[in-house]
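Architecture at a glance
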Amino acid sequence: MSDTVQDLIAGGAALIVGLALGWAAHSAAGRRRRARAQRFFGLPDGSECVLVTHRDSTSAHWSIPRHDALALLGLASVVENCGAHPEIAPHDTGLQGFGARTEFCVGDPTAHRRLAAHMSNLLPGVTVHPGDETGADRGTLTVAGTAYRMETGAVEYVLLARLTGGEGGRPVFLAAGQRPVTHRAAVRHLVRNQAQLARKYGMDGTFCLLLKVVNSQAYGPDVVELVADVSKTATTVAPTSRRAGKG
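The structure presented is a predicted model; accordingly, all values stated were derived computationally and were not measured.

Some remarks on the sheet that holds strand 6 (residues 146-148)
If you trace the 3 strands from one edge of the open sheet to the other, you get 4-5-6, paired in antiparallel fashion. Looking at which strands have only one partner, the edges of the open sheet turn out to be strand 4 (126-128) and strand 6. Strand-to-strand twist in this sheet, taken as the mean axis angle between neighbours without regard to direction, amounts to 25°. Looking at chain direction, strand 4 and strand 5 (residues 141-143) are connected through 3 bridges and run antiparallel. If you follow V126 over to strand 5, its bridge partner there is V143.

Here you go:
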């Protein structure tokens, strides 16, 4: 056998070994990422979770606002990648308590009963203005005495939280905002930044972030700014509120 043939055989063998090692490393990294996501979201293989939303108040039939539906699709992809099974439930159906299974609660807390209940129990430091007779100030979020008012299409706010409680220890994720586009923005922020959030707060940690969606009339849910980490103030009883600007 000539040296050239031997070199070709040796090169081919090295290539095959290299490809096999690369595939094994890639697969191992993928399994680690999946395991981290499963732990962060509380979604082990074969587990169940619930996605809770509310109806579109402008529709005569039971329907979900477009941005809320897209937010749920994003969460459904996460659930599928973790090997879990989702259930979509309306906010006003009789659901069990929280903690037994992971829950994603998405919507406007002035219209979403279960979300409002979670915020009252788990985020007592946050108040949500129901609006007056004309609807003015509806959805205004007050945290640590500062009110964050919506300027429709220009500046809108949403709370993104990972909380635990109840029996079972599974997390509850909240995306509580002033318009459906903010809910979608919060869910995208959660999905895109899950690794960073897990590193900062721990795989089993809790957090509550106040996010600002900028110029949604032009950019949709794409431009999001972190206003503040309100984890401590949101989870303690609110002080006497003061009327303030959008912060």
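Some points on helix 5 (residues 194-201)
When we look at burial in helix 5, the residues that qualify are Q194, L197, A198 and Y201. Burial along helix 5 is one-sided: seen end-on, the buried residues are contained in an arc of 100°. In helix 5, the exposed positions angled more than 90 degrees off the buried face are occupied by R199 and K200. G202 occupies a position one or two residues after helix 5 and carries a positive phi of about 95°.

Topic: the environment of Y157
Counting through the fold element by element, Y157 comes out in strand 7 (residues 155-163). Assessed through its relative accessible area of 0%, Y157 is described here as buried. Linking Y157 and A176, residues 19 residues apart in sequence, is a C-alpha distance of 8.7 Å.

What about the sheet that holds strand 9 (residues 207-214)?
What the 7 strands build is an open sheet, ordered 2-1-3-8-7-9-10; its pairing is mixed. Each having just a single partner strand, strand 2 (85-90) and strand 10 (224-229) make up the two edges of the open sheet. For this sheet the average axis-to-axis angle between neighbouring strands, irrespective of direction, equals 20°. The pairing of strand 7 with strand 9 spans 8 bridges and is classified as antiparallel. By the bridge assignment, A161 is partnered in strand 9 with C208.

What to know about the packing of helix 4 (residues 180-192) against helix 5
Helix 5 packs onto helix 4 with a crossing angle of 70° between their chain directions and a minimal axis gap of 5 Å. One element, helix 4, and the other, helix 5, form an angle in the roughly perpendicular class. Only Q194, Q196 and L197 of helix 5 make contact with helix 4, whose side of the interface consists of L190, V191 and R192. For the contact of helix 4 with helix 5, a count of residues per class yields 3 nonpolar, 2 polar and 1 charged.

Focus: the nonpolar core
The biggest cluster of nonpolar side chains holds 29 residues, and the ones touching the most others in it are F40, F41, L43, L75, F104, L190 and F207. When neighbours within four sequence positions are excluded, F207 is seen to be in contact with F40, L160, A161, R162, L163, L190, L197, Y201 and S231. Membership of the second largest hydrophobic core comes to 24 residues, among which are Y148, L159, L174 and C208.

Observations regarding the environment of L197
Mapping L197 onto the fold places it in helix 5. On a C-alpha basis, the gap between L197 and F40 in space is 9.0 Å, while along the polypeptide they are 157 residues apart. Apart from the residues within four sequence positions on either side, L197 is in contact with F40, L190, G202, F207 and L209.

Definitions and limits used
Residues numbered from 1 in each chain as written. Predicted model: local features only at pLDDT ≥ 70, side-chain atom pairs only at ≥ 80, totals over all residues. Heavy atoms only, no water. Pairing = 2+ DSSP bridges. Helix = DSSP H or I, 4+ residues; strand = E, 2+ residues; numbered from the N terminus. Axes fitted to C-alpha atoms, helices over the stretch in contact; angles between N-to-C directions. Buried < 20%, exposed > 50% of the residue type's maximum accessible area, 1.4 Å probe, protein only. Arc of directions from axis to C-beta. Parallel < 35°, antiparallel > 145°, perpendicular 65-115°, else oblique. Contact = heavy atoms within 4.5 Å. Nonpolar A, V, L, I, M, F, W, Y, C, P; charged D, E, K, R; others polar. Core = buried A, V, L, I, M, F, W, Y, C linked by side-chain atoms within 4.5 Å.

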